[in-house]
Amino acid sequence: MRALDIISLMEEASARLERYDAEFVDKVETILAILRSKGVLSSKRLQQNGSYHTVLAASLVLAHEKQADIYLRTRSQGDLFKQGVSTTLISFLDNAIEQGLILSQAKDYKARGRMSLGEIITSYLEYETA
Amino acid sequence: MDTTPVFSSFMRLRRTNSHLYHSAKTHQEMLAAQRQLGKRFYDKLSSSEDIT
């Protein structure tokens with residue numbers, strides 16, 4: 001299985017969300033619900049963070065569609081900032097790993113390098129596709 | 001009998017009453033139900049169907 005850069009996935013997911021694709025949006029909503037039910041994404045400050053959370057969830061749906069793992073090249077705040085990405089991406093991925101929604105191959109079980117979608121996310125995306 | 005709502009209950013609510021589903025109260029209820037039921041909360045998981 002190939003691994004796709006999470007930032008590229010987020011950019012592609014953001015563009016995909018701008019197209020009207022009800023099936024894709026439905027899958028994104030399901031993943032958002034899973035992330036919220038696990039406390040990975042907070043429902044507080046939904047007005048401010050809602051669209052960013054949607055892009056994060058959409059990038060996971062996209063990775064599943066492409067049958068790919070996700071890849072994080074750096075945890076450096078400076079590098080992420082240069083790429084125009086919020087550093088909350090790291091805490092989102094770390095939390096998702098801690099909750100078992102994303103599987104890390106790193107020795108410290110943190111978001112770095114290659115990561116896979118966990119059972120709950122893949123099961124629900126496959127269920128929605130069936 | 002356990003009446004704690006499961007994941008599919010919230011997904012039904014999303015389709016029938018989007019406004020209520022997107023409220024902070026519903027999200028808190030979803031979080032609480034998941035904490036109470038653990039993996040059984042995700043009722044479409046093949047591995048959780050064995051537990052119930």
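Above this note sits the structure.
Residues numbered from 1 in each chain as written. Chains lettered and ligands numbered in written order. Predicted model: local features only at pLDDT ≥ 70, side-chain atom pairs only at ≥ 80, totals over all residues.

S.K.: When you look at the interface of chain A and chain B in this model, what are you seeing that I'm missing?
M.R.: It is common to report an interface's size as the accessible area lost on association of the parts. Facing 12 residues of chain A, the contacting portion of chain B comprises 14 residues. Those elements that provide at least two residues to the side of chain A that touches chain B are helix 2 (22-37) and helix 6 (119-129) of chain A. Ranked by the residues each element gives to the side of chain A that touches chain B, the list is headed by helix 2 of chain A, at five residues. The residue makeup of the side of chain A that touches chain B, split by class, is four nonpolar, five polar and three charged. (Contact = placed C-beta atoms within 7 Å. Helix = DSSP H or I, 4+ residues; strand = E, 2+ residues; numbered from the N terminus. Nonpolar A, V, L, I, M, F, W, Y, C, P; charged D, E, K, R; others polar.)

S.K.: Help me out: how do you make sense of the packing of helix 2 of chain A against helix 1 (residues 7-16) of chain B in this one?
M.R.: For any two helices packed against each other, the geometry is given by the interaxial angle and the distance between the axes. It is the contact of helix 2 of chain A with helix 1 of chain B, at a shortest axis distance of 11 Å, that shows an interaxial angle of 130°. Relative to helix 1 of chain B, the element helix 2 of chain A lies oblique. Regarding helix 2 of chain A and helix 1 of chain B, the two cross each other, and that crossing is right-handed. Residues Glu29, Thr30, Ala33 and Ser37 of chain A of helix 2 of chain A touch helix 1 of chain B, and the partners they reach there are Phe7, Phe10, Met11 and Arg14 of chain B. When its residues are assigned to classes, the contact of helix 2 of chain A with helix 1 of chain B shows four nonpolar, two polar and two charged. (Axes fitted to C-alpha atoms, helices over the stretch in contact; angles between N-to-C directions. Parallel < 35°, antiparallel > 145°, perpendicular 65-115°, else oblique. Left-handed = near helix turned anticlockwise from the far one by under 90°.)

S.K.: Before we go on, may I ask you to explain the sheet that holds strand 3 (residues 102-104) of chain A in this structure?
M.R.: In sheet architecture, strand pairing relies on hydrogen bonds along the backbone and comes in two forms, parallel and antiparallel. All names here are of chain A. In space, the four strands of this open sheet follow the order 1-2-4-3, with mixed pairing throughout. Only two strands of the sheet have a single neighbouring strand rather than two, namely strand 1 (3-5) and strand 3. If you compare each strand with its neighbour and ignore which way they point, the axes differ by 35° on average. Direction of pairing for strand 3 relative to strand 4 (residues 113-117): antiparallel, over a ladder of three bridges. From the neighbouring strand, Leu103 faces strand 4, where its bridge partner is Ser116. Helix 1 (residues 6-18) contacts strand 1 and strand 2 (69-72) of the sheet and is inclined by roughly 70° relative to strand 1. (Pairing = 2+ DSSP bridges.)

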